[in-house]
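# Working through the structure, step by step
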Amino acid sequence: MPRLPTSLIRKAYSYSPLLPLLLKATRDLALAKNELRWLQEHISSIHRLRKCTPKQYLPKPPTLSQLCRIRSTGEPLQYILGSQPFGDLEILCRKGILIPRPETEVYTTRLSNLLLRHGSIGNGNVESLQILDLCAGTGCIGLSLYAALHRQIPDVRVRAIDFNPQARNLAWKTVKLNQHLGRLSPSLSKSQFDYVLADLLNNEEIAAVVQSDATFNIVVSNPPYISIPAFSRDTSRSARIFEPSNALVPPDSVGITGERTGDLFYDHILRLSWRARPQIVCMEVADLEQALRVMRAVKDMEAIDGSLWEAKQIWRDEIDVQGNECSTEWNADVNAAIIGEGSGRAVVLARSWGVDVIKHDTAAFG
Amino acid sequence: MFRSGLAKNLPSRPLNLLPLRHLHVSKASSAKALPPRLKIDEASLEENFLKGSGPGGQKINKTSSAVQLKHSPTGIVVKSQATRSRSQNRKYARQLLAEKLEEMEMGDQSRTAIKAAIKSKKKASASKKKRRKYRALEAEKETNKQAEVELDEKLDQATTIREENTSNVPLPRDSRDH
Ligand SMILES: C[S@@+](CC[C@H](N)C(=O)[O-])C[C@H]1O[C@@H](n2cnc3c(N)ncnc32)[C@H](O)[C@@H]1O
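As the structure is a prediction and not an experimental result, all values here were calculated from the model. (Residues numbered from 1 in each chain as written. Chains lettered and ligands numbered in written order. Predicted model: local features only at pLDDT ≥ 70, side-chain atom pairs only at ≥ 80, totals over all residues. Heavy atoms only, no water.)

## A word on the pattern of salt bridges
Threshold: Put simply, a salt bridge is a Lys or Arg side-chain nitrogen that is within 4 Å of an Asp or Glu carboxyl oxygen. Secondary structure elements are defined from DSSP: runs of H or I of at least 4 residues count as helices, runs of E of at least 2 residues count as strands, and each element is numbered from the N terminus. Only protein chains enter the accessibility calculation, which uses a 1.4 Å probe. A residue is then buried if its area is under 20% of the maximum for its type, exposed if over 50%, and partly exposed in between.
Counted by the stated rule, this structure contains 23 salt bridges over all chains. Glutamate 75 of chain A serves as the salt-bridge partner of lysine 95 of chain A, at 3.5 Å between the closest nitrogen and oxygen. Remark: glutamate 75 of chain A occurs in the loop between α4 (64–72) and α5 (77–81) and lysine 95 of chain A occurs in the loop between β2 (89–92) and α6 (102–117); sequence separation between them is 20 residues. According to the relative accessible area criterion, lysine 95 of chain A is exposed, its value standing at 56%. In this structure glutamate 75 of chain A comes out as buried when scored by relative accessible area, which is 9%. Connected via shared salt-bridge partners are Arg233, Asp234 and Glu259 of chain A together with Lys59 of chain B.

## Remarks on the site of the ligand
So the rule is basically this: Near is defined per residue: the residue qualifies when any heavy atom it owns lies within 4 Å of the molecule or strand. N or O atoms within 3.5 Å of each other form a polar contact, as long as, within protein, one can give a hydrogen and the other can take it, and as long as residues adjacent in sequence are counted only when both atoms are side-chain atoms. For every accessible area listed, the method is Shrake-Rupley and the probe measures 1.4 Å; residues are considered covered only by the protein chains on display.
Near the ligand there are 21 residues, and of these Cys135, Asp162, Asp199, Leu200 and Asn222 of chain A occur at the shortest range. Each of chains A and B places residues near the ligand. One of the side-chain N or O atoms of aspartate 199 of chain A is found 2.7 Å from a nitrogen atom in the ligand. About the coverage of the ligand: the protein hides 98% of its 590 Å² of free accessible area.

## Some thoughts on the packing of aromatic side chains
Residues and elements named next belong to chain A. Inclusion rule: Pairing of aromatic rings covers Phe, Tyr and the six-membered ring of Trp, with a centre-to-centre limit of 6.5 Å; geometry is then stacked below 30 degrees between planes, edge-to-face above 60, and tilted otherwise. Placement of a positive charge over a ring is assigned whenever Lys NZ or Arg CZ falls within 6 Å of the ring centre and within 35 degrees of the normal to the ring plane.
Here the structure, examined in full by the defined rule, presents two aromatic pairs over all chains. A centroid spacing of 6.0 Å and a plane angle of 85° characterise the contact between phenylalanine 193 and tyrosine 195, whose relative ring orientation is edge-to-face. By relative accessible area, which is 2% here, tyrosine 195 ends up buried. Connected via pairs of aromatic rings, a cluster forms that spans Trp172, Phe193 and Tyr195. It is arginine 110 that lies over the ring of tryptophan 315; its NZ or CZ is 4.7 Å from the centre. Above the face of the tryptophan 274 ring, arginine 277 is positioned so that its terminal group lies 5.1 Å from the ring centre.

## Considerations on the UniProt feature "domain: Methyltransferase small" (unreviewed entry) in chain A
The following threshold applies: UniProt positions are given in the numbering used here, feature names are shortened, and annotations may be inferred rather than shown by experiment.
Those residues carrying the UniProt feature "domain: Methyltransferase small" (unreviewed entry) are residues 127–226 of chain A in this numbering. Helix and strand shares over residues 127–226 of chain A are 33% and 24% respectively, and the end C-alpha atoms of the span are 38 Å apart.

## Digging into the state of the cysteines
All names here are of chain A. As a reminder, the rule being used: For this text, the term disulfide refers to a pair of cysteine sulfurs within 2.5 Å.
This model, assessed by the stated rule, comprises zero disulfides over all chains. No disulfide involves cysteine 68; its sulfur sits 19 Å from that of cysteine 93, the nearest cysteine. By relative accessible area, cysteine 68 is classed as buried at 0%. Summary of cysteine pairing: cysteine 282 is not part of a disulfide, and the nearest cysteine sulfur, belonging to cysteine 140, is at 12 Å. On the basis of relative accessibility, which here comes to 1%, the residue cysteine 282 falls in the buried class.

## Points about the side chain of glutamate 90 of chain A
Within the element layout of this structure, glutamate 90 of chain A appears in strand β2. Note on glutamate 90 of chain A: relative accessible area 6%, which makes it buried.

## Regarding the packing of helix α2 (residues 19–26) of chain A against helix α3 (residues 29–52) of chain A
When two helices pack together, their arrangement is given by the angle between the helix axes and the distance between those axes. Residues and elements named next belong to chain A. Stated precisely, the cut-off is as follows: All axes are obtained by fitting lines to C-alpha atoms, using only the stretch in contact for helices, and the reported angles, taken between N-to-C directions, cover 0 to 180 degrees. What sets the label is the angle itself: under 35 degrees gives roughly parallel, over 145 gives roughly antiparallel, 65 to 115 gives roughly perpendicular, and the rest give oblique. We call a crossing left-handed when the near helix sits turned anticlockwise from the far one by less than a right angle, and right-handed when that turn is clockwise. The contact rule is simple, with two residues in contact once any of their heavy atoms fall within 4.5 Å. By the convention adopted, Pro, Cys, Tyr, Trp, Phe, Met, Ile, Leu, Val and Ala count as nonpolar, Lys, Arg, Asp and Glu as charged, and the other residues, Gly among them, as polar.
α3 packs onto α2 with a crossing angle of 120° between their chain directions and a minimal axis gap of 8 Å. When the interaxial angle is binned, α2 and α3 end up oblique. Considering how the two elements wind past one another, α2 and α3 form a crossing that is right-handed. Along its contact with α2, which presents Leu19, Leu22, Leu23 and Thr26, the element α3 presents Leu29, Leu31, Ala32, Lys33, Glu35, Leu36 and Leu39. A class-by-class count of the residues in the contact of α2 with α3 yields eight nonpolar, one polar and two charged.

## Remarks on unusual backbone geometry
Residues and elements named next belong to chain A. With a phi angle near 45°, arginine 277 is a residue other than glycine that sits in the positive phi range. Looking at the element boundaries, arginine 277 is found in the loop between α13 (264–276) and β7 (280–284). For arginine 277, a relative accessible area of 37% puts it in the partly exposed group. Here the phi dihedral of asparagine 335 falls at roughly 60°; this positive angle occurs in a residue that is not glycine. Mapping asparagine 335 onto the fold places it in the loop between β9 (328–331) and β10 (336–339).

## Considering α13 of chain A
Since the α-helix turns once every 3.6 residues, residues separated by three or four places project in the same direction. All names here are of chain A. Taken together, the buried positions of α13 are Leu264, Phe265, Tyr266, His268, Ile269, Leu270, Leu272, Ser273 and Ala276. Of the surrounding elements, those touching the buried residues of α13 are β3 (128–134), α10 (203–209), β6 (218–221), β7, α14 (288–305) and β11 (341–350). In the segment just after α13, arginine 277 is the residue with positive phi, at about 45°.

## Some words on the pairing of β9 of chain A
Residue and element names in this part refer to chain A. What counts here: Note on pairing: DSSP must find at least two bridges between two strands before they are called paired.
Alignment of β9 against β10, held across four bridges, turns out to be antiparallel. Following the sheet pairing, threonine 328 is matched in β10 by isoleucine 339. Where β9 folds back on β10, the antiparallel hairpin that results is connected by four residues, among which asparagine 335 adopts a positive phi of roughly 60°.

Now the structure itself:
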């Protein structure tokens with residue numbers, strides 16, 4: 001990585017002697033200033049908390065310079081502050097569990113808004129909705145869909161699957177926190193948010209937690225998708241060193257090399273989706289190339305098993321979150337609409353009423 | 001610990017525009033004289049969250065939740081990255097845009113102009129140095145009127161104003177609380 005220009009460091013220093021430390025992590029002055037403010041707020045909130053709790057129960061609050069020093073090593077801000085806002089929720093973050101990404105938040109928000117715009121859901125005519133969140137981690141996708149849809153649909157159920165027990169514990173703490181903050185319904189319990197531990201790559205384990213007759217309306221997944229070459233080539237140091245690599249890179253698999261090492265999970269998600277027959281599947285991907293590879297895998301499956309999906313889309317990063325019209329191109333090779341601008345981010349498949357949901361922007365409202 | 005609770009407990013520096021606005025509106029005796037806030041038609045807005053954010057996803061753990069709003073009829077663009085929460089930033093971006101549009105439409109009858117007038121009256125007793133600084137600020141605002149506005153700049157401006165109001169609180173070296 002190129003060195004930061006001395007003039008920038010000087011500029012940062014003149015704003016606050018601590019700012020160069022943060023600049024080292026953010027490499028962006030405006031963002032560094034923001035982070036300084038957020039760290040300061042964090043410390044103030046600890047001090048406030050200490051005022052109403054007996055001191056012996058709380059650790060000594062850190063100083064701003066201590067936190068800046070930790071941040072300058074590349075430690076993610078979210079691990080220092082302990083949380084990340086995502087949609088309407090505050091998602092707890094701990095070392096060992098992947099931090100929710102803004103890109104994930106964007107397509108999740110778009111998905112929930114598209115669902116809310118759908119005629120029967122918007123009119124309150126849909127009684128229940130079953131969501132399957134594979135590789136759920138913090139639970140950010142499933143929980144924020146729940147929070148957004150619960151107001152319109154009385155019976156929303158989320159089944160979250162991950163193999164990391166710490167992630168499950170943290171997700172439940174996140175539920176409690178957001179209930180406390182009034183952002184999640186106090187009635188949300190295990191029957192609405194069922195977080196189960198299983199290895200998605202292990203067919204027996206999955207069969208045990210998703211019965212063969214189980215149906216879901218929506219399958220969402222942000223599986224590990226970074227290829228082995230991309231992990232060393234273009235993954236940020238902070239993610240590489242401080243976040244769990246088994247949340248980022250799929251395990252080694254015989255016979256797969258190069259960029260395709262990032263694709264391992266999609267076959268499993270697609271096969272599970274074939275069984276669960278959801279109306280919508282939404283999977284995060286690394287870029288447009290991976291999106292197209294996944295779309296080709298879908299095509300290959302359809303050639304054998306018959307066609308399941310009536311509409312296919314690839315969502316890019318810069319996309320309208322309300323579900324309004326966006327620039328769209330058609331890819332005839334994989335029969336998919338590519339929506340928005342920027343990097344390819346999500347593969348979206350739909351059938352039955354799911355088609356109306358994702359096509360709101362182009363067909364029904366166009 | 002996780003609540004933003006911004007308006008209630010102002011630390012040594014203002015955190016963003018909202019508490020500041022609340023502060024001023026509630027403190028100013030003439031708050032009632034302000035014209036109602038402009039309502040912007042959502043249909044005239046182009047909203048973008050990840051504009052020019054470059055590569056991302058799992059590969060990079062970003063901390064910015066910037067929101068960019070474009071008002072299609074006028075072409076005015078505002079950007080907000082004041083808070084860590086996208087939903088908060090969306091609100092601020094709308095406030096900022098409403099202020100810009102008002103300033104354009106109503107000139108010195110706009111809320112911001114009236115508030116600025118109230119503020120400058122208050123400042124009449126302040127030191128000359130401060131007054132000069134403030135005027136420079138207003139001039140800067142003036143030239144900014146038609147241009148694109150970054151909330152960040154706005155924040156810096158707001159910061160300056162508030163620092164003057166609160167007897168020059170130093171930059172956050174360490175928390176004031178300890
Ligand atoms: C990229 S993270 C996504 C977390 C969360 N859904 C999000 O969007 O922030 C991938 C998650 O997959 C989980 N994971 C990795 N391999 C898995 C496997 N074989 N079975 C189940 N979960 C797995 C990791 O524990 C991690 O939480």
